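Here are the chains, one letter per residue:
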Amino acid sequence: MNEPSTHHLAKRYDFVVLYDVQDGNPNGDPDAGNLPRIDPETGHGLVTDVCLKRKVRNFVSLTEREGDGPRAGYEIYVREGALLNDEHDRAYQALPESDQPKDKKKPGREIEHRARRWMCQNFFDIRTFGAVMSTGINCGQVRGPVQLTFGRSIEPILTLDHSITRCAATNEKDREKRGEMGRKTTVPYALYRTHGFISPPLAAQTGFGEADLHVLWRALEHMFEHDRSASRGLMSTRAIIAFEHDSALGNAPAHKLFERVKILRTNAETAARAFSDYRVELDGQSLDTSRSFHLVNVRG
């Protein structure tokens with residue numbers, strides 16, 4: 001099959017993603033009764049990189065399709081119910097019969113390299129985020145060119161605990177459980193900030209190209225639109241500020257670029273309850289937040 005990205009990535013990118021939640025739980029912590037994740041020392045809310053990657057994967061799975069299946073090159077490797085070793089085996093099945101290894105756990109460097117390349121060509125999330133594929137049937141490891149940090153709220157978050165009532169029983173035996181009380185925790189409002197990085201040298205190793213980059217930007221911009229639930233009904237990507245370098249190695253350290261983006265309160269005397277309670281500045285100038293995506297050129 002043909003690689004989905006015909007143009008190699010020539011420029012480095014560093015980016016900021018701003019997204020918010022209203023009356024919801026952006027990322028529950030299973031070790032804390034699914035309460036919103038929080039930094040206990042500062043009270044700031046947290047969202048894991050894994051959570052955001054899941055939303056990107058789900059969006060790509062929904063949108064990059066041909067007929068009843070995924071578009072060539074845009075399958076998703078880490079998905080619900082997937083048996084990963086079965087996907088590894090597909091890579092070896094795609095090799096000529098004469099190249100089939102006797103032991104797929106130790107296939108040899110050249111055969112493993114070809115299997116790894118097949119996985120990168122066929123799975124968008126492997127090309128993008130990387131993967132460890134050395135479990136059982138061995139396709140090696142891939143270091144992804146796109147990396148995300150944890151999201152952190154701009155201000156400390158408030159968590160509200162709500163009582164809910166069960167009105168239906170599962171079966172006759174549980175009939176008396178009707179009326180039982182349960183709990184639900186929400187954040188009234190919070191604006192979160194995540195940083196991202198895209199490396200052209202690593203992109204060259206996985207085959208992540210310009211076409212994949214456009215898919216990634218689109219997924220980050222719209223990743224919450226098809227992820228609605230009772231706890232995530234009002235989550236939105238508010239702004240993506242992408243710094244485009246003019247070379248593969250880049251022109252400035254990422255942290256210096258991120259410092260150019262400031263999030264300020266419009267009225268610090270009241271609690272924030274909407275995105276309009278914040279002002280986003282780039283180099284001291286207010287950013288037009290009516291647009292979600294902003295591309296900023298970084299010169300040497």
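None of these values were measured; they are calculated from a predicted model.

## Notes on the sheet that holds strand 16 (residues 285–286)
Logical step 1: The strand order across the open sheet formed by 3 strands is 14-15-16, and the pairing between neighbours is antiparallel. The sheet is open, and its two borders are formed by strand 14 (261–265) and strand 16, each paired with just one other strand.
Logical step 2: In this sheet, strand 15 (residues 278–282) lies alongside strand 14 in antiparallel orientation, the contact comprising 5 bridges. Bridge pairing links Leu264 to Arg279 in strand 15.

## Concerning the pattern of salt bridges
Logical step 1: Within the structure shown, the criterion is met by 23 salt bridges.
Logical step 2: Where Arg57 meets Asp125, a salt bridge forms, and the shortest distance between an N and an O atom there is 2.8 Å. In this pair, Arg57 is assigned in helix 1 (residues 49–63) and Asp125 in helix 4 (residues 124–129), connecting sequence segments 68 residues apart. In terms of burial, Arg57 and Asp125 fall into one category: buried.

## Digging into the side chain of Arg12
Logical step 1: Note that Arg12 resides in the segment before strand 1 (13–24).
Logical step 2: Judged by relative accessible area, which is 16%, Arg12 ranks as buried.
Logical step 3: A distance of 2.9 Å separates a polar atom in the side chain of Arg12 from the backbone oxygen of Leu249.
Logical step 4: Within the structure, the side chain of Arg12 is placed 2.9 Å from the backbone oxygen of Ala252, a separation counted as a polar contact.
Logical step 5: For Arg12, the residues in contact, after removing those within four places along its chain, are Ile198, Pro200, Phe243, Glu244, His245, Ser247, Ala248, Leu249, Gly250, Ala252, Pro253 and Ala254.

## Structural notes on the packing of helix 2 (residues 84–93) against helix 3 (residues 109–122)
Think of two packed helices as two axes; the pair is described by the angle between the axes and how far apart they sit.
Logical step 1: At a minimum axis separation of 9 Å, helix 2 and helix 3 run at an interaxial angle of 115°. If you check the angle between helix 2 and helix 3, you find them roughly perpendicular. The hand of the helix 2/helix 3 crossing is right-handed. Residues Glu87, His88, Arg90, Ala91 and Tyr92 of helix 2 form the contact with helix 3, whose own contacting residues are Ile111, Glu112, Ala115, Trp118 and Met119.
Logical step 2: When its residues are assigned to classes, the contact of helix 2 with helix 3 shows 6 nonpolar, 1 polar and 3 charged.

Quick notes on the rules
Sequence order sets the numbering: in each chain, residues are counted from 1 along the sequence as written. Totals for whole chains, interfaces and linings use all residues, but because this is a predicted model, local features are given only for residues with pLDDT of at least 70 and pairs of side-chain atoms are given and counted only at 80 or more. Based on all heavy atoms of the structure, the side-chain values leave hydrogens and waters out of the count. Between any two strands, pairing holds if DSSP finds at least two bridges. Per the convention used, a helix needs a DSSP run of H or I reaching at least four residues, while a strand needs a run of E reaching at least two, with both numbered from the N terminus. Note on definitions: salt bridges are taken to be side-chain nitrogens of Lys or Arg within 4 Å of carboxyl oxygens of Asp or Glu. Between buried and exposed lies partly exposed: a residue is buried under 20% and exposed over 50% of the maximum accessible area for its type, with that area taken using a 1.4 Å probe on protein chains only. Polar contact criterion, stated in full: a pair of N or O atoms within 3.5 Å, where within protein one must be able to donate a hydrogen and the other to accept it, and residues adjacent in sequence count only if both atoms are side-chain atoms. Any two residues whose heavy atoms approach within 4.5 Å are treated as being in contact. Axis geometry follows a simple rule: fit a line to the C-alpha atoms, using only the stretch in contact for helices, then measure angles between N-to-C directions, giving values from 0 to 180 degrees. We call two directions roughly parallel when the angle between them is under 35 degrees, roughly antiparallel when it is over 145, roughly perpendicular when it lies between 65 and 115, and oblique otherwise. By convention the crossing between two helices is left-handed if the near helix lies anticlockwise of the far one by an angle smaller than a right angle, and right-handed if it lies clockwise. Under the scheme applied, nonpolar residues are Ala, Val, Leu, Ile, Met, Phe, Trp, Tyr, Cys and Pro; charged residues are Asp, Glu, Lys and Arg; polar residues are all the others, including Gly.

No statement about biological role is implied by the geometric values presented.
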